[in-house]
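# Structural overview for review
What follows is the residue order along each chain.
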Amino acid sequence: MHKLHDPQLLKKASYINGCWHSSANELAVNNPATGELVAKVSNAGIAETELAVKAAKNAFKAWSTKSANERSTLLRNWFDLLMENQDDLGRILTLEQGKPLAEAKGEIAYGAAFIEWFAEEGKRVYGDTIPAPSGDKRIVVIKQPIGVVAAITPWNFPNAMIARKAAAALAAGCTFVVRPDTKTPLSALAMAELAERAGIPAGVFNVVVGDNAHAIGKVLTEHKDIAKFTFTGSTAVGKSLISQCASTVKKVSMELGGNAPFIVFDDADIDAAVAGALVSKYRNAGQTCVCTNRILVQEDVLVEFTEKFVAAVKGLSVGNGLEEGVTIGPMITVQAVNKVKKLIDDSISQGAQLVLGEDKNGDNAHLGENFLAPTILTGVTNDMPIAHNEIFGPVSPIMSFKEEEDAIALANDTDFGLAAYFYSRDIGRVWRVAEALEYGMVGINEALISNAAAPFGGMKQSGNGREGSKYGLDDYLEIKYLCMGGLSK
Ligand code: SIN
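Quick summary incoming for the structure in this document. Sequence order as written defines the numbering, with residues in each chain counted from 1. Thresholds applied to this predicted model are a pLDDT of at least 70 for local features of residues and 80 or more for the giving and counting of side-chain atom pairs; totals over whole chains, interfaces and linings are not thresholded and use all residues. As a rule here, side-chain values come from all non-hydrogen atoms in the structure, and water together with hydrogens is ignored.

So, on to the overall build of the chain. Helix and strand assignments come from DSSP, with helices taken as H or I runs of at least 4 residues and strands as E runs of at least 2, each series counted from the N terminus. Tallying secondary structure elements over the chain gives 13 helices and 22 strands in all. Computation of the radius of gyration draws on C-alpha atoms, with the globule rule given as 2.2 Å multiplied by the number of residues to the power 0.38. The globule rule puts the C-alpha radius of gyration for 489 residues at 23 Å, and the 23 Å found for the chain is close to it. In terms of overall dimensions, the chain has C-alpha extents of about 75 × 60 × 40 Å along its principal axes. Any residue under 20% of the maximum accessible area for its type is buried, any over 50% is exposed, and the rest in between are partly exposed; the area is computed with a 1.4 Å probe on protein chains only. Counting only residues that meet the buried cut, the chain has 56% of its 489 residues in that class. The contact criterion used throughout is that any non-hydrogen atoms of two residues lie within 4.5 Å. Residue pairs in contact within the chain that sit at least 24 positions apart in sequence constitute 74% of those at least 6 positions apart.

See the structure below:
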């Protein structure tokens, strides 16, 4: 940490109503690459969470009645500060999360882009007029900020998942309370420090760090002063949070798990498909909900694709994300590694072949227990658990298919519906497959689909609501219908 240009960015307490709340009770943040302690952070609980909700409620009136331009200026300041401090924020992120430094800096720019985007988009919260059914009436629709927003965010994108939610909420005129994952709270706290420097008023953006996830989650989902709850994380946890929100009929938006198919058709540009699969699968060591989960390859090109893909994956370099040239960092915990190893072992015991992985290209044990070698399995079939579980690790299961219809059926044979990818140069096939895939986001000859201008979100059990884009504000707005009557003389 001594290498930070600005050591003041390393905050160790919750940020509530513009103040840092220290306590003697602390939680440890460890570096997943080395196991070393990065920082000790004050461990907040129910009382601090309730204080944050109160602060957000009190701040709502003044924030929501600022003009969109005033809010835009403050958000733009925040964006500028995040980008000015990209190096430090990237370093903090790598230290607590593990992803390679270049990728971590990329995440800072990715997160900041949402703040820049919504600083502008907040000026375009347009209403509507509707022709009334009788001459003495007029119908006008206005949009208003929903109120206090609560968020629970994950460890895999400790900056961007907060930025994507907070930017839209604040631009819409809402105030915000977030509980970041306690494995990666430092990025969230650094964001709070910069929000304060940007001039965002006390109470508008609050960060509560506490390891009693259940108790804090209960306040954030059940508190009557919170109008909207948003979560990024697993489908299982999302379902239980949705049911907790039912008691106060909160608006919810959920960005949950995925099981992304990556389909390579026989007319695809195979080199482009290999490059796409590499980045989509191994970004963040496979720990994103839009990571490729299953690679489906048409029989005629199976050998060519697999050979080229194995060669490309061999070029990845596993290690501590702070080291030069490393392209895959550690996984977040040893439990996460073990869960993925079990999926690999189960697949092998059911007939899949390990063509690249721990046993084939050398053990990563010297790196530490959180590391897992990039793995490729061939001969995977749809009845194996790996085809139906979100892997969340650096493993590529390759399956084959005969016809276009088979690929679509395989791709849609899941409860998830977040992201899908396919490679084809046949324009008819491109439209047929794009329309048939039951996914909220489809990459066509493209594997990096996330950006601030596009609506991020899923279908089926991958969640609801959209983040980013012109649609991203809707989740933070109420539609109000004004009926003006008595207009006739
Ligand atoms: C996620 O894994 O939840 C987000 C991935 C992305 O924004 O691309």
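A few words on the sheet that holds strand E5 (residues 128-130). Spatial strand order, E5-E6-E22: three strands in an open sheet with antiparallel pairing. Whereas interior strands pair on both sides, the edge strands pair on one side only; in this sheet they are E5 and strand E22 (477-484). Taking the axes of each pair of neighbouring strands and ignoring which way they run, one obtains an average angle of 25° across the sheet. Between any two strands, pairing holds if DSSP finds at least two bridges. All axes here are fitted lines through C-alpha atoms, helices being fitted over the stretch that makes contact, and every angle between N-to-C directions spans 0 to 180 degrees.

Bringing the site of the ligand into the picture now. Residues are classed as near a molecule or strand on a simple rule: at least one heavy atom within 4 Å of it. With respect to spatial proximity, 13 residues lie near the ligand, and among them Tyr110, Arg164, Arg283, Cys289 and Ser450 are the closest. Residues adjacent in sequence count toward polar contacts only when both atoms are side-chain atoms; beyond that, a polar contact is any pair of N or O atoms within 3.5 Å, and within protein one must be able to donate a hydrogen and the other to accept it. Taking Tyr110, its side chain carries an N or O atom lying 2.6 Å from an oxygen atom of the ligand. Separating an oxygen atom of the ligand from a side-chain N or O atom of Ser450 is a distance of 2.6 Å. In the complex, the protein chains occlude 100% of the 260 Å² of accessible area that the ligand would expose alone. Using a 2 Å cut-off from the grid points, one finds that the ligand occupies the largest cavity. Of the residues assigned to the shell around the ligand, the class counts are six nonpolar, four polar and three charged. Reported accessibility uses the Shrake-Rupley method at a 1.4 Å probe radius. Residues are deemed covered only where the shown protein chains occlude them. Cavity and pocket criteria rest on a 1 Å grid covering protein atoms alone: a 1.4 Å probe that fits but cannot get out defines a cavity, protein on both sides within 12 Å along at least 5 of 7 lines defines an open pocket, and an atom within 4 Å of a point defines a lining residue. Here the criterion for a molecule occupying a pocket or cavity is that more than half of its atoms lie within 2 Å of the pocket grid points. Under this grouping Gly is polar, as are all residues other than the nonpolar Ala, Val, Leu, Ile, Met, Phe, Trp, Tyr, Cys and Pro and the charged Asp, Glu, Lys and Arg.

Interhelical geometry of helix H3 (residues 86-97) versus helix H6 (residues 185-198) gives an angle of 160° and a closest axis separation of 8 Å. Classified by the angle between their axes, H3 and H6 sit roughly antiparallel to one another. In this structure, H3 contributes Leu89, Ile92, Leu93 and Glu96 to the contact, and H6 contributes Pro185, Leu186, Ser187, Ala190 and Leu194. Classifying every residue of the contact of H3 with H6 gives seven nonpolar, one polar and one charged. Each angle receives one of four descriptions, namely roughly parallel if under 35 degrees, roughly antiparallel if over 145, roughly perpendicular if within 65 to 115, and oblique otherwise.

By salt bridge we mean one thing: a side-chain nitrogen of Lys or Arg within 4 Å of a carboxyl oxygen of Asp or Glu. What the rule picks out here adds up to 26 salt bridges. Where Glu193 meets Lys11, a salt bridge forms, and the shortest distance between an N and an O atom there is 3.7 Å. Residue Glu193 is located in helix H6, and its partner Lys11 is located in the segment before strand E1 (14-16); the two are separated by 182 residues in the primary sequence. Residue Glu193 shares its accessibility class with Lys11, and that shared class is buried. Put simply, Arg429 and Glu404 hold a salt bridge, and the shortest N to O gap is 2.9 Å. Placement of the pair is Arg429 in helix H13 (residues 427-436) and Glu404 in helix H12 (residues 404-412), with a sequence separation of 25 residues.

Before going further, it helps to examine the layout of surface pockets. Grid points are joined across faces, edges and corners, and a volume is the space filled by probe spheres set on the points. Of the voids in this model, the largest pocket is the one considered here, and its volume is about 800 Å³. Along the wall of the largest pocket there are 32 residues; nearest its centre are Trp155, Phe231, Gly233, Ser234 and Val237. Looking at the lining of the largest pocket, the elements that each hand over two or more residues are strand E7 (148-153), helix H7 (213-222), strand E10 (226-232), helix H8 (235-245) and helix H11 (334-349). Per element, the largest residue contribution to the lining of the largest pocket is six residues, and it comes from H8. Residues belonging to the lining of the largest pocket are distributed by class as follows: 13 nonpolar, 13 polar and six charged.

Right, let's get into the sheet that holds strand E12 (residues 260-264). With mixed pairing, seven strands are arranged side by side in an open sheet as E14-E15-E16-E13-E12-E18-E19. Strand pairing shows two members of the sheet lacking a second neighbour, strand E14 (353-356) and strand E19 (441-444), which therefore form its edges. Adjacent strand axes in the sheet meet at a mean angle of 25°, parallel and antiparallel pairs treated alike. Where E14 and strand E15 (residues 375-378) come together, three bridges link them in antiparallel fashion. In the sheet register, Leu356 faces E15, and the bridge partner there is Ile376. Here helix H9 (residues 270-282) sits on the sheet in contact with E12, strand E13 (292-298), E15, strand E16 (395-401) and strand E18 (419-423), set at roughly 165° to E12. Each of E14, E15 and E16 is contacted by H11, which is oriented at about 25° to E15, the strand it contacts most.

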